[in-house]
Amino acid sequence: MPSERVIEEACKTLVARDPKVSPLTQSALVHMFKAYADVTPSVAAVLRNVLLHHFPASPIYHDHYAFRTFGVPGLGISSLSEVLLPLGYTQRQDTFAFPNKKLLATWFGPRDPALYDTLPRIFMSEIEVHKLSEPAQQVIARYTSHLSGGVPGSTAGVMSPTHTLSALLTRSLPWDTPSLHDYELLLKESEYAAWVLAHGYALNHTALATHRLAGLPDESHGGTGSTGVRYFTELVKAAGMPINEDGGLVKVSPDGLLLQSSTCSDMVHYTFAGGQVRPIAGAYIEFVERRVLPQFTGQVPAGSHASEAQRRDGFEVASADKIFQSTNIRLG
């Protein structure tokens, strides 16, 4: 099946008619996914060689989208939230800190809890630029200071939600194309910062909800074989795609109810400001299994799937810390 048709299959659940979901929200999610899939060959490979090959009758659901940004005036999580709130999302109370990576993160979910079965969660993170070295801060400031008028506390020149949405939809940089020198300077200190400098607001990864795949063995099957996301990840690995095994093939939350894995990022040939072309880390794809919460065990009718409201929600710091490593080229 051609890649275009494979990607269309993955978008069907995003555009399913629902009177509670704005067509504009659906269109934005689809455009983000297609722009990401166009430059991430592993997405079509997973869809074609694993999902459509082993689970041809199953709908494809997206657990979450993930974005990265710089924590500076005019950018940061707040700039992304200004786009998501009008699209029907609301920020959840969870906040996560990753001290070793100098990152902060949070996530957004549909304002209407009933839409968790329809819309993906949105995971957002930002790097605490003020905690980086002075040379790294100066590099980032050269590219981003115009977005806050170059004056601390100023709102002049701050990207409007329209500009932010445009960057999300098109993967266009909101600043000048970086030089190889600046990229490599950041890369030595923070892989995350270098990624953002090169890719801006581009969708970093999407995550497939493996617990919603029809025909995927789960923990209720018993036996000794692999189940759930572990079984799915082994299929991905057998198809020849590199897996991020930092922290194990599958990252498991302390309560055992949230299981995650991911590929290593695709490498993209990036043209820097001076015309140099180098392979750098691009995007990747994640796989998630959210198990049924204890209070709902035994309440799901045989032969049916539990709703998202009956499953483990949110994210886990330790697991997310390892998933961030998917764009670390040293893993590949």
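As a reminder, the structure under discussion sits directly above these lines.
The structure reproduced in this document is the subject of the present report. (Residues numbered from 1 in each chain as written. Predicted model: local features only at pLDDT ≥ 70, side-chain atom pairs only at ≥ 80, totals over all residues. Heavy atoms only, no water.)

Focus: empty space enclosed by the protein
We count it as follows: A cavity here means a set of points on a 1 Å grid, drawn over the protein atoms and nothing else, where a 1.4 Å probe fits but cannot get out; a pocket is an open set with protein on both sides within 12 Å along at least five of seven lines, and a residue lines either one if it has an atom within 4 Å of a point. Grid points are joined across faces, edges and corners, and a volume is the space filled by probe spheres set on the points. A run of H or I in DSSP becomes a helix once it reaches four residues, and a run of E becomes a strand once it reaches two; helices and strands are each numbered from the N terminus. All amino acids are sorted into three groups, where Ala, Val, Leu, Ile, Met, Phe, Trp, Tyr, Cys and Pro are nonpolar, Asp, Glu, Lys and Arg are charged, and the leftover types, Gly among them, are polar.
Across all of its chains, the model carries three cavities of 30 Å³ or more by this definition. Roughly 110 Å³ of volume is contained in the largest cavity. The wall of the largest cavity is formed by 15 residues, among which A66, F123, H205, A320 and I323 lie closest to the centre. Among the elements of the structure, strand 1 (62–70), strand 4 (121–127), strand 10 (284–290) and helix 10 (317–323) are those that each provide at least two residues to the lining of the largest cavity. Tallying contributions element by element places strand 1 first for the lining of the largest cavity, with four residues. Classifying every residue of the lining of the largest cavity gives eight nonpolar, five polar and two charged. Empty space within the second largest cavity amounts to approximately 70 Å³. Residue lining of the second largest cavity: 14 residues in total, with Y61, H62, Y116, L119 and R212 positioned closest to the centre. When grouped by side-chain class, the residues that make up the lining of the second largest cavity number six nonpolar, three polar and five charged.

Remarks on the packing of aromatic side chains
What counts is decided by this rule: Centres within 6.5 Å make a pair out of two Phe, Tyr or Trp rings, where for Trp the six-membered ring is used; the pair is then stacked when the planes are under 30 degrees apart, edge-to-face when over 60, and tilted otherwise. In this scheme, a residue with accessible area under 20% of its type's maximum is buried, one over 50% is exposed, and one in between is partly exposed, where area comes from a 1.4 Å probe on protein chains only. To sit over a ring, a charge needs its Lys NZ or Arg CZ within 6 Å of the ring centre and within 35 degrees of the ring normal.
The full count for this structure, using the stated rule, is 12 aromatic pairs. Note on F55 and F232: the rings are 6.2 Å apart at their centroids and 25 degrees apart in plane angle, and the pair reads as stacked. Remark: F232 occurs in helix 9 (residues 228–238) and F55 occurs in the loop between helix 3 (41–54) and strand 1; sequence separation between them is 177 residues. Like F55, the residue F232 is buried in the burial classification. In this structure an aromatic cluster arises from ring pairing among F96, F98, W107, F123, Y192, F315 and F324. In this structure, R212 is placed above the aromatic ring of Y61, and the distance from its NZ or CZ to the ring centre is 3.5 Å.

Observations regarding the pairing of strand 7 (residues 258–262)
The cut-off we apply is this: For two strands to count as paired, DSSP must find a minimum of two bridges between them.
Where burial is concerned, most of strand 7 is hidden: five out of the five residues are buried. Side chains L258, Q260 and S262 project from strand 7 onto one buried face, and the interleaved L259 and S261 project onto a second face that is buried too. Inspection of the sheet shows strand 6 (residues 251–252) paired to strand 7 by two bridges, in the antiparallel sense. Paired with V252 across the bridge in strand 7 is L259. Connecting strand 6 to the next strand, strand 7, in antiparallel fashion are five residues, including G256 with a positive phi near 75 degrees. Pairing of strand 7 with strand 10 involves five bridges; the strand directions are antiparallel.

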